[in-house]
Amino acid sequence: MVEYDEFLGVWMTCDNKVELIILNLRSISIDTQKKTAWVQTGATIGELYYRIAQKSKKLAFPAGVCPNVGVGGHFSGGGYGMLARKFGTAADSIIDAKLIDANEQILDRKSMGEDHFWAIRGGGGTSFGIITSWKVKLHDIPEKVTVFNVTRTLEQNATQLVYKWQHIADKVDDNLLLRLFLRSNISSPFKRGQRSINAIFFTMFVGGVDELLHEMKKSFPELELMKEDCIEMSWIESIIYFYIGFPKGTSPDVLLNWNTTTKKQLYFKGKSDYVQHPISINGLKAFWMKMENSKRSLDWSRTLYRYMAKYVSKSPRAAYFNYRDLDIGVNNINGNTSYEQARIWGVKYFKNNFDRLVKIKTKIDPTNIFRNEQSIPPLLS
Ligand SMILES: Cc1cc2nc3c(=O)[nH]c(=O)nc-3n(C[C@H](O)[C@H](O)[C@H](O)COP(=O)(O)OP(=O)(O)OC[C@H]3O[C@@H](n4cnc5c(N)ncnc54)[C@H](O)[C@@H]3O)c2cc1C
C-alpha cells in the first residue's frame, strides 16, 4: 500500500488490481506572480475557476464548461471549453504533474520523463498511473469578456446560418468561440407532436462588445447580431453564464455547490465525431429530418451516429477520448487484450499516437496494473 498523504489510499488486491480512492485531495494553490497553480486531482474545474477568480480578475484557465467535472480525468483526456480557440485545451496548459506509478513511486515531470508526461496530457491518466496533482499555466484575460446566446429557427434561416457557420467558425478571430447547439423542439403547441430545429449560438468573445460586433459584422453578418444580444461580464461570470445559463450577478459560490447540476446533466450517453468538411445544405436538411422524427433514446443516438458516417472523418472515424464511448470497441474484461484488439478503438481516439502510447505503456507498466475497458495495453499482453 502506498501512502501519499492522509487523503489518498491505494490498495493492491489479490487479483493484482489496483483500487484507488481519492478523498478530499482537492487543495488548490495559486501563484499570481508566476501565473501558475497546483491543483490536486480531487478538485473540480469549478473549484479551480473559483480559486483563480478569488485571487485575480486578470487570470483565467481554459477547461470545460461544466464545473462539476473533475480535473483528474478531464485534464488527462484533453478538456476543451470556451477559451479553447485562444489558449487550447486544458492539457495544453499543464506544465508539471505528480503521480504514483506502477512501482508505487511518486514521480514529477522530471523523474517520470517527457514521454510519460506527454502520455498523461491527452492519452488519459488512467493507463499511466494515479495523478495526484497538476501544475498548470494560467492565462491573462481582460477584466471584461462578452457573451451572447442567440437562437434561430428554420423560419429564421437556421439552415443557411449553420451552413455558413461551418465555413467560418474556425477562421474568425481567435478571441471568438462561436459554439453552436442544434436542438429539436416542439415547434408550436398548435402543431401537436411536430418538432422543429433550433440553432443556438452560445458564444464567448475575449474582449469588449464593440470589438465583437465589428468581428461579427465582418465574418458572420448573416446572424444579424445586435448590441442588445450581448452581455459584457467578467470571465468568472461567463463561467456561471455558460453553466446552465445562470444570469449575470449570480454568486460564484454556485461553482462550489455539487447539487446545482441536475442528475440528468451528470449522467448521459454521448457520442462524438469530427466533421472535417462542411455538410451541404441538402445534407443539413436531411439531418434535420433525422432529428425531428424520433424520440430520444440510446437506440436513436446510435442510429443517428450510423447515419452521420458519410459526413464525418473516416479511416479512422475519430472520436474524442473525454466523451468515452464503449460502442467503438473495448478491451477484454478478464485477461489480456492484444494490441490489435485495442487498436480498433485506440486509433479512433488517438490516431497514430496510439502506437506511441502503447510503447510508453509497455515501458512504464508492462504488467498492466492500470487498466480498464479502454486503457492502453502493454505490448507483451
Ligand atoms: C456534465 C459533463 C459535462 C462535460 N463537459 C465537458 C466539456 O465542456 N469539455 C470537455 O472536454 N469534456 C467535458 N465532459 C467530459 C469530461 O471531460 C470527461 O467525462 C472526463 O473524463 C471527466 O473526468 P472526471 O475526473 O470528472 O471523471 P472520472 O469518471 O472520475 O474519470 C474519468 C477517467 O479518468 C481517470 N482518472 C480520473 N482521475 C484520475 C487520476 N487522478 N489519475 C489517473 N486517472 C484518473 C478515471 O480512471 C477514468 O478512467 C463533460 C462531462 C460531463 C459529465
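Bear in mind that the values here come from a model prediction, so they are computed numbers and not experimental data. (Residues numbered from 1 in each chain as written. Predicted model: local features only at pLDDT ≥ 70, side-chain atom pairs only at ≥ 80, totals over all residues. Heavy atoms only, no water.)

A few words now on the sheet that holds strand 5 (residues 36–40). Across the sheet, 5 strands lie side by side as 4-5-9-7-8; this open sheet has antiparallel pairing. Each edge of the open sheet is held by one strand with a lone partner, namely strand 4 (28–31) and strand 8 (106–107). Where strand 5 and strand 9 (residues 130–137) come together, 5 bridges link them in antiparallel fashion. In the strand pairing of strand 9, Ala 37 is matched with Val 136. The strands touched by helix 1 (residues 45–55) are strand 4 and strand 5; relative to strand 4, the strand with the most contacts, the crossing angle is about 40°. (Pairing = 2+ DSSP bridges. Helix = DSSP H or I, 4+ residues; strand = E, 2+ residues; numbered from the N terminus. Contact = heavy atoms within 4.5 Å. Axes fitted to C-alpha atoms, helices over the stretch in contact; angles between N-to-C directions.)

Here the focus is the packing of helix 1 against helix 8 (residues 235–242). At a minimum axis separation of 9 Å, helix 1 and helix 8 run at an interaxial angle of 155°. The pairing of helix 1 with helix 8 is recorded here as roughly antiparallel in orientation. Helix-helix and strand crossings are classified by hand; for helix 1 and helix 8 the assignment is left-handed. The segment helix 1 lies against helix 8, with Tyr 49, Tyr 50, Ile 52 and Ala 53 engaging Trp 235, Ile 236 and Ile 239. Across the contact of helix 1 with helix 8, the residue classes tally to 7 nonpolar, no polar and no charged. (Parallel < 35°, antiparallel > 145°, perpendicular 65-115°, else oblique. Left-handed = near helix turned anticlockwise from the far one by under 90°. Nonpolar A, V, L, I, M, F, W, Y, C, P; charged D, E, K, R; others polar.)

Around the ligand sit 25 residues, and of these Gly 70, His 74, Tyr 80, Ile 131 and Tyr 320 come closest. A distance of 3.2 Å separates an oxygen atom of the ligand from a polar atom in the side chain of Asn 322. Between the ligand and the protein, one listed contact pairs an oxygen atom with a side-chain N or O atom of Arg 324 at 3.4 Å. About the coverage of the ligand: the protein hides 72% of its 950 Å² of free accessible area. Of the residues that constitute the shell around the ligand, the class distribution is 11 nonpolar, 13 polar and 1 charged. (Near = heavy atom within 4 Å. Polar contact = N/O pair within 3.5 Å; in protein donor to acceptor, adjacent residues only side chain to side chain. Areas by Shrake-Rupley, 256 points an atom, 1.4 Å probe, with all protein chains shown as cover.)

One pass over the structure, following the stated rule, counts 19 aromatic pairs. Measuring from ring centre to ring centre gives 4.9 Å for Tyr 320 and Tyr 323, while their planes differ by 80°; the resulting arrangement is edge-to-face. For Tyr 320, a relative accessible area of 13% translates into the label buried. One aromatic cluster in this structure is built from Phe 321, Tyr 339, Trp 345, Tyr 349, Phe 350 and Phe 354. Just above the ring of Trp 38 sits the side chain of Lys 98; from NZ or CZ to the centre is 4.6 Å. (Phe/Tyr/Trp six-rings, centres within 6.5 Å; stacked < 30°, edge-to-face > 60°. Buried < 20%, exposed > 50% of the residue type's maximum accessible area, 1.4 Å probe, protein only. Lys NZ or Arg CZ within 6 Å of the ring centre and 35° of its normal.)

Attention now moves to the confidence of the model for the protein. Averaged over every residue, the pLDDT of the protein is 90; residues scoring 70 or more account for 88%. Counting contacts from residues 1–14, a segment whose pLDDT is below 50, to residues more than four positions away or on other chains yields 38 contacts. (pLDDT = per-residue confidence, 0-100.)

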